[in-house]
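So the chains spell out like this:
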Amino acid sequence: MAAQDEREPLITPALPANRSGYGTVEDARDAMSKFVVNNVAGESGRKLPQYIAGLAASGGALAAGTFLGWTAPTDKPLTVEGEYGFPVSDEQFSWVGSISNLGAALMCFPIGYMMKLIGRKWSMLAMVLPLVLGWLLIIFAENVAMLMVGRFFLGVGGGAFCVAAPTYTAEIAQPSIRGTLGTFFQLMVTVGILFVYAVGAGVDVQVLSIICGVIPLVFGAIFFFMPESPYYFVEKGRYSEAASSLKWLRGAQYDENAEIEDLKQADEKVKAEAIPMLVAFRQKATVRALAISLGLMFFQQLSGINAVIFYNSAIFASANGGKEMSSASIIVGGIQVVATLLASVVVDKVGRRILLLVSDLMMAVSTILLAVYFQLKQDDPAKVDDLSWLAVLAVCLFIAMFSIGYGPVPWLMVGELFANNVKAFASPVAGVFNWLLAFLVTKVFTNLKDAMGEAGVFWLFSGISLLGTVFVFLVVPETKGKSLNDIQRILAGEKLNADEPAGLPEPRDERDERPAQVA
């Protein structure tokens, strides 16, 4: 149905007696059935197929989560126990852990061109190859170089999914569930991390890697049966295939003609408004969108998430009388999953700004508590004998707050801030920036700890989180319920009228709100 119809109450339509297509009682009944399916709950079509396709696409995020979490249970077996039969120093392992971020950064731009050339679906299926190759290199590694090359390939595949999967999910989703489906990616990443933590606690590195290598193959087998994005088909002029895709996603009774016409107009508009990169970056809305996106990525990566995850085992061990807890990482991973699941439920209800503000403020509180804990421990270890529970609470609170706000929301907002005619080259810049920051933080964290001390590192992160809270409060606009047109006007400095229905342009262009070519 057209966008205007999506907002109208359910009203019984008149059924002309002698009009073509409504000449019989059966035709009238079919028309009524189609109208009801297209208007129930104020929005057209069925939602379940969209959830199924969104979850299937997020299987790539599960594969990405496994390689992101792989370093935690494999650090000591490789560096201390020599499980693979060749020495791995701490410095070498830091490269093994961080080099995947470079592979991910490398793919942010190429995957966008792949999606336009061969489609979103086949671009994601093609990424099964580097993922499987990466795991094979790790499984049969005979030296550190093979581990590093394998991790690099995993970064290539995982980084591509960070761009392609959110784009695909947003393109197939209707507005009312786009935010929820958009958080599926981060949710499945955390599920993948938890999976590796749990399995890694009971098996050796090679068996863990074999299990992780199977996941991309399972994803490929499932996602093969999902539909291609209808937007891709419209871009290529393959309208009958776009109709079939929409029928799959919205239900057999869905009348897809109006939506396809809207998509045609949107595609023509995007092509007509295409502008050179230098011109785009002279536009106030684009400059501000880029500044907000890079700011969110900066405060996400420098919030202290890597430090907290690095120290969680030591903190849990301290609370356990000095004995290492194999379940520490599993507990942290479980908190990540639950908090991200909660975020997926509330992101379209409470808004992006609220989640970011609460998340960053509470992360600052958590890192202040950890800074005080490590400062006291540094001055006199006996002072913290009875405070281990506070450090554990701070870790759990930090992980929960990160996962409910600053984990998933920056990626979601990047896709909402840029206009369609600049997304192709502006959004990947934010993705590259994020992965490069992740590489930098992962690689230099140990050096930072040696230079500043444990307490100093957490004081630094707490200060950064407080600055991030101020940044969100002063700079980041609310995008919940707003169309791209509304968001661009806000970014350009305009104020929406109080009586103006925010987020309801005429006609509504659903494609404007997808995170095109961005993770």
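Whatever comes next refers back to the structure up there.
Residues numbered from 1 in each chain as written. Predicted model: local features only at pLDDT ≥ 70, side-chain atom pairs only at ≥ 80, totals over all residues. Heavy atoms only, no water.

## Considerations on the overall build of the protein
The condition is simple: Note on conventions: DSSP H or I runs of at least 4 residues are helices, E runs of at least 2 residues are strands, and numbering of each starts at the N terminus. Only protein chains enter the accessibility calculation, which uses a 1.4 Å probe; a residue whose area is less than 20% of its type maximum is buried, one above 50% is exposed, and one in between is partly exposed. The contact criterion used throughout is that any non-hydrogen atoms of two residues lie within 4.5 Å. Here the accessible surface of atoms and residues is derived via Shrake-Rupley with a 1.4 Å probe, and residues count as covered only by protein chains that are part of the display.
Within the protein, the regular secondary structure consists of 24 helices and 0 strands. Residues classed as buried in the protein amount to 56% of the 519 residues present. Counted over contacts in the protein with a minimum sequence separation of 6, partners at least 24 positions apart contribute 80%. Accessible area of the protein: about 21300 Å², with a carbon and sulfur share of 66%.

## Topic: the side chain of Ser-98
Selection criterion: By the criterion applied in these results, polar contacts are pairs of N or O atoms within 3.5 Å in which, for protein atoms, one can donate a hydrogen and the other can accept it, and in which residues neighboring in sequence qualify only through two side-chain atoms.
Within the fold, Ser-98 resides in helix H6 (residues 90–107). Among the polar contacts made by the side chain of Ser-98, one reaches the main-chain carbonyl oxygen of Ser-94 at a distance of 2.8 Å.

## Topic: the packing of helix H4 (residues 59–69) against helix H12 (residues 205–223)
Here is the rule we go by: To get an axis, a line is fitted to the C-alpha atoms, and for a helix only the part in contact is used. The angle between two axes follows their N-to-C directions and goes from 0 to 180 degrees. The cut-offs work like this: below 35 degrees is roughly parallel, past 145 is roughly antiparallel, 65 to 115 is roughly perpendicular, and the gaps in between are oblique. Each residue gets one label: Ala, Val, Leu, Ile, Met, Phe, Trp, Tyr, Cys and Pro are nonpolar, Asp, Glu, Lys and Arg are charged, and the others, such as Gly, are polar.
It is at 9 Å that the axes of H4 and H12 come closest, and there the two elements cross at 170 degrees. What the angle tells us is that H4 and H12 run roughly antiparallel. Residue-level inspection shows Gly-59, Gly-60, Leu-62, Ala-63 and Thr-66 of H4 in contact with H12, the latter providing Cys-212, Ile-215, Pro-216 and Phe-219. Among the residues forming the contact of H4 with H12, the class breakdown is 6 nonpolar, 3 polar and no charged.

## Quick word on helix H11 (residues 175–200)
Let me state the cut-off plainly: In this scheme, a helix's expected span is set at 1.5 Å multiplied by one less than its residue total. Note that bend, as reported per residue, equals the angle between axes fitted to the 7 residues terminating at that residue and the 7 residues originating from it.
Helix length check: H11, at 26 residues, gives a terminal C-alpha distance of 39 Å against a target of 38 Å (1.5 Å per residue), a fit within 8%. Of all bends in H11, the biggest is about 30 degrees, found at Phe-185. Most of H11 is tucked away: 20 of the 26 residues are buried.

## Re the packing of helix H3 (residues 48–57) against helix H14 (residues 239–250)
Between H3 and H14, the least distance of the axes is 6 Å, while the angle of their chain directions is 105 degrees. It follows that H3 is roughly perpendicular to H14 by the angle criterion. Along its contact with H3, which presents Pro-49, Gln-50, Ile-52 and Ala-53, the element H14 presents Trp-248, Leu-249 and Arg-250. Grouping the amino acids of the contact of H3 with H14 by side-chain chemistry returns 5 nonpolar, 1 polar and 1 charged.

## Section: H12
We apply this condition: Each direction from the helix axis to a C-beta atom contributes to the arc, which is the arc of those directions.
Look at H12: 28 Å from first C-alpha to last across 19 residues, which is about the 27 Å you get at 1.5 Å a residue. Along H12, the residues that are buried comprise Val-205, Leu-208, Ser-209, Cys-212, Gly-213, Ile-215, Pro-216, Phe-219, Gly-220 and Phe-223. An end-on view of H12 places all buried positions within 140 degrees of arc, on one side of the element. Two or three places before Gln-206, at the opening of H12, Asp-204 has a side-chain oxygen 3.2 Å from that residue's backbone nitrogen.

## Digging into the pattern of salt bridges
Using the following cut-off: Note on definitions: salt bridges are taken to be side-chain nitrogens of Lys or Arg within 4 Å of carboxyl oxygens of Asp or Glu.
Here the structure, examined in full by the defined rule, presents 8 salt bridges. Note that Glu-91 is salt-bridged to Lys-443, the shortest N-O span being 2.9 Å. Taken together, the residues span a long stretch of sequence, with Glu-91 in helix H6 and Lys-443 in helix H23 (residues 420–475) at a distance of 352 residues. A relative accessible area of 45% places Glu-91 in the partly exposed class. A salt bridge links Glu-259 to Arg-250, with the shortest nitrogen-to-oxygen separation between them at 3.0 Å.

## Quick look at the packing of aromatic side chains
Quick note on the threshold: Ring pairs shown here join Phe, Tyr and Trp side chains whose ring centres sit within 6.5 Å, with only the six-membered ring taken for Trp; geometry is labelled stacked below 30 degrees between planes, edge-to-face above 60, and tilted in between.
Counting across every chain of the model gives 15 aromatic pairs. Aromatic side chains Tyr-84 and Phe-86 sit 6.0 Å apart centroid to centroid with 75 degrees between the ring planes, which places their arrangement in the edge-to-face category. Across this residue pair, the class does not change: Tyr-84 and Phe-86 are buried. Arranged with centres 5.1 Å apart and planes meeting at 90 degrees, the rings of Phe-161 and Phe-219 form a pair that is edge-to-face. One end of the pair, Phe-161, is in helix H10 (residues 144–172); the other, Phe-219, is in helix H12, and 58 residues separate them in sequence. According to the relative accessible area criterion, Phe-161 is buried, its value standing at 1%.

## A look at a nonpolar patch on the surface
The following threshold applies: The patches reported here contain residues having more than 30% relative accessible area and no salt bridge. Joining distances are 9 Å for like charges and 5 Å for nonpolar side chains (Val, Leu, Ile, Met, Phe, Trp, Tyr).
On the surface, a nonpolar cluster with roughly 570 Å² of combined accessible area is contributed by Leu-117, Ile-118, Trp-122, Phe-224 and Phe-225. Position of Trp-122 among the secondary structure elements: in helix H8 (residues 120–126).

## Structural notes on the nonpolar core
Selection criterion: Put simply, a nonpolar core is a bunch of buried Ala, Val, Leu, Ile, Met, Phe, Trp, Tyr and Cys residues held in one set by side-chain atoms that sit within 4.5 Å of each other. Bear in mind that the domain bounds are from an automatic or database domain assignment.
Counting 123 residues, the largest nonpolar core has Met-124, Phe-223 and Leu-296 as the members making the most contacts within it. The dominant element in this core, judged by the number of residues it contributes, is H23, at 16 residues. Two domains each donate at least three residues to this core, and these are domain 1 (45–226) and domain 2 (278–494). Other than its neighbours up to four places away in sequence, Met-124 contacts Ala-57, Phe-161, Ala-164, Ala-165, Tyr-168, Phe-219 and Phe-223. Formed by 9 residues, the second largest nonpolar core is a distinct cluster that contains Tyr-231, Val-234, Ala-242 and Leu-263.

Treat this as a map of the structure, not an account of what it does.
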